[in-house]
Amino acid sequence: MKTFVALLALSSVVSAKITQKYIGKLSTLQHDVSGDVYAKDENTLVIENFKYDGAGPDAFFWVGKTGTPAATDTAMTLILAHPYEGNNYEYTNEAAPVLRQYTGEMVELTLPQSFKVSDVKWLSIWCRKFSVDFGNTMFPEDLVFDDEDDVPSPLAPEDDEHSQDWNHVDNHVDPQAEPEPDSEPEPYSASSVLSLALPTLLVALLAKLM
């Protein structure tokens, strides 16, 4: 039973990794900052294996839409609270909570609708008191998320007029036209192969245990 639960947990972790977009590694500038930054969706950042010694007197997770941590318009930045309790903070807000020590933990950061992940240029562990960057990562310029609202429903009925136009074309095929060669199948991406193979691997492992 314990093995089955462990396999289910492994399956959920792998599935989550497939959907997340990798941003980059945090640079280690001061106070042993390190970690791998991912975008879970437009409003969620995840830092895997985050480390920080907690010694900064006024340090927090800080994101910005312009420039770099050392040269930016603070009005275009936001302090991301962790743990998130319903509020993030403007840079000048003294109520922003100071970061504790982290020893290789998973950190999830929540952004508001007005400050989406695709708008972010950088993430920094920043000390406001001394204006010092403890570590940062710059976001890729081409970071985008699929808009599910733009995907047509497969159950949506076809437009009658459009359907009739295609039927008219199909009924007047040129008999002299040569058939088009079959296109080569597109290669599977690593994430799609992993997502297809994962259920089979789990079934095989469970079969050996029974």
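Here goes a summary of the coordinates provided. (Residues numbered from 1 in each chain as written. Predicted model: local features only at pLDDT ≥ 70, side-chain atom pairs only at ≥ 80, totals over all residues. Heavy atoms only, no water.)

## Points about the side chain of asparagine 88
Point 1. Tracing the backbone through its elements, the reader meets asparagine 88 in the loop between strand E5 (77-80) and strand E6 (102-110).
Point 2. For asparagine 88, the side chain forms a polar contact with the main-chain oxygen of threonine 110, separated by 2.8 Å.
Point 3. Excluding residues that lie within four positions of it along the chain, asparagine 88 makes contacts with Leu78, Ile79, Leu80, Ala81, Thr110, Leu111 and Pro112. (Helix = DSSP H or I, 4+ residues; strand = E, 2+ residues; numbered from the N terminus. Polar contact = N/O pair within 3.5 Å; in protein donor to acceptor, adjacent residues only side chain to side chain. Contact = heavy atoms within 4.5 Å.)

## Notes on the sheet that holds strand E1 (residues 21-25)
Point 1. Strand order in the open sheet made by the four strands is E1-E2-E3-E6, with antiparallel pairing throughout. The open sheet is flanked by E1 and E6, the only strands paired with a single partner. Recorded for the sheet is a direction-independent mean angle of 20° between the axes of neighbouring strands.
Point 2. Bridge analysis of E1 against strand E2 (residues 34-41) gives four bridges, and the strand direction is antiparallel. By the bridge assignment for E2, tyrosine 22 is matched with tyrosine 38. (Pairing = 2+ DSSP bridges. Axes fitted to C-alpha atoms, helices over the stretch in contact; angles between N-to-C directions.)

## As for the side chain of arginine 128
Point 1. For arginine 128, the position within the fold is in the loop between strand E7 (122-127) and strand E8 (132-138).
Point 2. A polar contact of 2.9 Å, which involves the side chain of arginine 128, links it to the side chain of aspartate 58.
Point 3. Among the polar contacts listed, one links the side chain of arginine 128 to the backbone oxygen of tyrosine 91, at a separation of 2.6 Å.

## Considerations on unusual backbone geometry
Phi is mostly negative for residues that are not glycine, and the peptide bonds are mostly trans.
Point 1. For the peptide bond that leads from histidine 82 to proline 83, omega is 0°, which places it in the cis range.
Point 2. Following the sequence through the fold, proline 83 ends up in the loop between E5 and E6.
Point 3. The phi dihedral of histidine 31 is positive, around 55°, even though this residue is not glycine.

## Overview of the nonpolar core
Point 1. Residues Leu45, Ile47, Phe50 and Phe61 are the most contacted members of the largest nonpolar core, which totals 28 residues.
Point 2. When residues of this core are traced back to their parent elements, those giving at least two are E2, strand E3 (44-52), strand E4 (59-64), E5, E6 and E7.
Point 3. In terms of residue count, the dominant contributor to this core is E3 (four residues).
Point 4. Leaving out residues up to four positions away in the same chain, leucine 45 has contacts with Tyr38, Ala39, Val63, Leu80, Val107, Glu108, Leu109, Leu111, Val117 and Phe139. (Core = buried A, V, L, I, M, F, W, Y, C linked by side-chain atoms within 4.5 Å. Buried < 20%, exposed > 50% of the residue type's maximum accessible area, 1.4 Å probe, protein only.)

## Considerations on the sheet that holds E7
In a beta sheet, neighbouring strands pair by backbone hydrogen bonds and run either parallel or antiparallel.
Point 1. The strand order E5-E4-E7-E8 describes an open sheet built from four strands, whose pairing is antiparallel. The strands lining the two open edges of the sheet, one partner per strand, are E5 and E8. Strand-to-strand twist across the sheet, computed as the mean angle between neighbouring axes with direction ignored, equals 25°.
Point 2. In this sheet, E7 lies alongside E4 in antiparallel orientation, the contact comprising six bridges. Looking at E7, one finds that phenylalanine 60 is bridged to tryptophan 126.

## Structural notes on the environment of phenylalanine 61
Point 1. The residue phenylalanine 61 is located in strand E4 in this model.
Point 2. Phenylalanine 61 sits in the buried class, given a relative accessible area of 0%.

## Section: the pairing of E5
Point 1. Where burial is concerned, the two faces of E5 agree: the one with Thr77 and Ile79 and the one with Leu78 and Leu80 are both buried.
Point 2. Note that E4 and E5 share four bridges and pair antiparallel. Paired with phenylalanine 61 across the bridge in E5 is leucine 80.

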